[in-house]
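Secondary and tertiary structure notes
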Amino acid sequence: MAEFVGPRLYSCCKCGNHVSLHDDIISKAFQGRHGRAFLFSHAMNIVVGPKEDRHLLTGLHTVADISCADCRELLGWKYERAYEASQKYKEGKYIFEKLKIVKENW
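Residues numbered from 1 in each chain as written. Predicted model: local features only at pLDDT ≥ 70, side-chain atom pairs only at ≥ 80, totals over all residues. Heavy atoms only, no water.

Per an unreviewed UniProt entry, the chain goes by the name Protein yippee-like and belongs to Salix udensis.

Next comes the structure, spelled out in C-alpha coordinates:
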(Lines give C-alpha, C1' and ligand atoms only; values in the text may rest on other atoms or scores of the structure.)
Protein backbone atom coordinates (compact mmCIF):
# COMPACT_ATOMS: atom_id res chain seq x y z
CA MET A 1 0.00 0.00 0.00
CA ALA A 2 1.30 3.47 -0.87
CA GLU A 3 2.10 5.87 1.94
CA PHE A 4 0.08 9.09 1.95
CA VAL A 5 2.26 12.10 1.39
CA GLY A 6 0.79 15.43 2.45
CA PRO A 7 1.39 18.80 0.85
CA ARG A 8 4.90 20.20 0.68
CA LEU A 9 5.19 22.82 3.41
CA TYR A 10 7.54 25.46 4.71
CA SER A 11 7.97 25.71 8.47
CA CYS A 12 9.55 28.12 10.94
CA CYS A 13 13.28 27.38 11.26
CA LYS A 14 13.14 27.78 15.03
CA CYS A 15 10.08 25.78 16.16
CA GLY A 16 8.79 23.90 13.10
CA ASN A 17 5.39 25.64 12.98
CA HIS A 18 3.89 25.39 9.45
CA VAL A 19 3.86 28.84 7.86
CA SER A 20 3.16 28.32 4.13
CA LEU A 21 2.56 25.83 1.33
CA HIS A 22 5.03 25.24 -1.47
CA ASP A 23 2.18 25.67 -3.98
CA ASP A 24 1.76 29.28 -2.77
CA ILE A 25 5.19 30.41 -3.99
CA ILE A 26 4.93 33.19 -6.55
CA SER A 27 8.67 33.87 -6.93
CA LYS A 28 12.02 32.76 -5.50
CA ALA A 29 13.83 35.79 -6.95
CA PHE A 30 13.46 38.23 -4.04
CA GLN A 31 15.97 39.81 -1.70
CA GLY A 32 15.36 39.86 2.05
CA ARG A 33 17.25 41.49 4.90
CA HIS A 34 19.60 38.48 5.16
CA GLY A 35 19.84 37.22 1.58
CA ARG A 36 17.48 35.32 -0.66
CA ALA A 37 13.74 35.44 -0.01
CA PHE A 38 10.56 33.96 -1.48
CA LEU A 39 7.30 35.74 -2.35
CA PHE A 40 4.20 33.78 -1.29
CA SER A 41 0.52 34.40 -2.04
CA HIS A 42 -0.62 33.07 1.36
CA ALA A 43 0.74 32.46 4.85
CA MET A 44 -0.54 30.67 7.95
CA ASN A 45 0.26 30.54 11.66
CA ILE A 46 1.89 33.97 11.61
CA VAL A 47 1.47 37.25 13.48
CA VAL A 48 1.40 40.44 11.40
CA GLY A 49 3.03 43.44 13.07
CA PRO A 50 2.28 47.14 12.68
CA LYS A 51 2.41 48.74 9.23
CA GLU A 52 5.31 51.03 8.32
CA ASP A 53 6.70 52.64 5.19
CA ARG A 54 10.06 51.26 4.02
CA HIS A 55 12.32 52.10 1.13
CA LEU A 56 13.10 48.71 -0.42
CA LEU A 57 15.12 47.85 -3.54
CA THR A 58 12.02 48.36 -5.71
CA GLY A 59 10.88 51.62 -4.13
CA LEU A 60 8.65 52.78 -1.29
CA HIS A 61 6.24 50.20 0.17
CA THR A 62 4.02 49.95 3.24
CA VAL A 63 4.96 46.67 4.91
CA ALA A 64 4.36 44.82 8.17
CA ASP A 65 6.81 42.37 9.70
CA ILE A 66 5.56 38.78 10.02
CA SER A 67 6.54 36.46 12.85
CA CYS A 68 5.86 32.85 13.74
CA ALA A 69 2.67 32.61 15.81
CA ASP A 70 4.24 30.02 18.13
CA CYS A 71 7.79 31.23 18.88
CA ARG A 72 7.63 34.82 17.52
CA GLU A 73 10.69 34.35 15.29
CA LEU A 74 10.81 37.17 12.70
CA LEU A 75 10.29 35.45 9.32
CA GLY A 76 9.86 38.29 6.82
CA TRP A 77 7.18 40.83 5.98
CA LYS A 78 3.81 41.37 4.33
CA TYR A 79 3.38 43.90 1.54
CA GLU A 80 0.44 46.08 2.50
CA ARG A 81 0.83 48.78 -0.17
CA ALA A 82 3.04 49.49 -3.15
CA TYR A 83 3.30 53.09 -4.31
CA GLU A 84 4.54 52.38 -7.83
CA ALA A 85 2.14 50.89 -10.39
CA SER A 86 4.65 48.22 -11.47
CA GLN A 87 4.85 46.92 -7.89
CA LYS A 88 1.10 46.65 -7.14
CA TYR A 89 1.15 42.86 -7.70
CA LYS A 90 2.96 42.51 -4.34
CA GLU A 91 0.10 43.96 -2.29
CA GLY A 92 -1.28 41.42 0.18
CA LYS A 93 1.62 39.03 -0.48
CA TYR A 94 4.25 37.69 1.94
CA ILE A 95 8.04 37.61 1.90
CA PHE A 96 9.67 34.75 3.80
CA GLU A 97 13.44 34.91 4.20
CA LYS A 98 14.97 31.65 2.97
CA LEU A 99 17.16 31.39 6.08
CA LYS A 100 14.07 31.57 8.34
CA ILE A 101 12.04 28.70 6.83
CA VAL A 102 12.66 24.98 6.30
CA LYS A 103 11.10 22.48 3.89
CA GLU A 104 8.79 19.78 5.23
CA ASN A 105 7.23 16.73 3.46
CA TRP A 106 9.68 16.86 0.53
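Description of the pattern of salt bridges
Oppositely charged side chains may form a pair once their charged atoms are brought near each other. Under the convention used in this document: Criterion for a salt bridge: a side-chain nitrogen of Lys or Arg within 4 Å of a carboxyl oxygen of Asp or Glu. Put simply, DSSP marks the helices as runs of H or I at least four residues long and the strands as runs of E at least two long, and each gets a number from the N terminus on. Only protein chains enter the accessibility calculation, which uses a 1.4 Å probe; a residue is then buried when its area is under 20% of its type maximum, exposed when over 50%, and partly exposed in between.
A complete count under the given rule lists six salt bridges for this structure. Residue Asp65 pairs with Arg33 through a salt bridge whose shortest N-O separation is 2.6 Å. Linking Asp65 in strand 6 (residues 59–68) with Arg33 in the loop between strand 3 (25–32) and strand 4 (35–40), this pair joins segments that are 32 residues apart in sequence. The partly exposed category is assigned to Asp65, whose relative accessible area is 21%. Linked by salt bridges that have partners in common, Arg33, Glu52, Arg54 and Asp65 make up one network.

A closer look at the sheet that holds strand 6
Quick note on the threshold: When DSSP finds two or more bridges between two strands, those strands count as paired. All axes are obtained by fitting lines to C-alpha atoms, using only the stretch in contact for helices, and the reported angles, taken between N-to-C directions, cover 0 to 180 degrees.
Spatial strand order, 3-4-8-7-6-5: six strands in an open sheet with antiparallel pairing. For this open sheet the edge positions go to strand 3 and strand 5 (46–56), each flanked by a neighbour on one side alone. Going across the sheet, the axis of each strand differs from the next one's by a mean of 30°, ignoring polarity. The pairing of strand 4 with strand 8 (residues 94–97) spans four bridges and is antiparallel.

Observations regarding the nonpolar core
Here is the rule: Side-chain atoms within 4.5 Å are what join buried Ala, Val, Leu, Ile, Met, Phe, Trp, Tyr and Cys residues into a set we call a nonpolar core. In what follows, residue pairs with any heavy atoms lying within 4.5 Å of each other are defined as contacts.
Formed by 13 residues in total, the largest nonpolar core has its most connected members in Phe40, Ile46, Leu75, Phe96 and Ile101. Elements supplying a minimum of two residues to this core: strand 1 (9–12), strand 4, strand 6 and strand 8. The contacts of Phe96, once residues within four sequence positions are left out, are Val19, Ser20, Ala37, Phe38, Phe40, Ala43, Ile46, Ile66, Leu75 and Ile101. Phe30, Ala37, Tyr79 and Ile95 belong to the second-largest nonpolar core, a separate cluster that totals seven residues.

Things to note about the environment of Trp77
By secondary structure assignment, the location of Trp77 is in strand 7 (residues 74–82). Note on Trp77: relative accessible area 4%, which makes it buried. Here the alpha-carbon distance between Trp77 and Gln31, two residues 46 residues apart in the chain, equals 12 Å.

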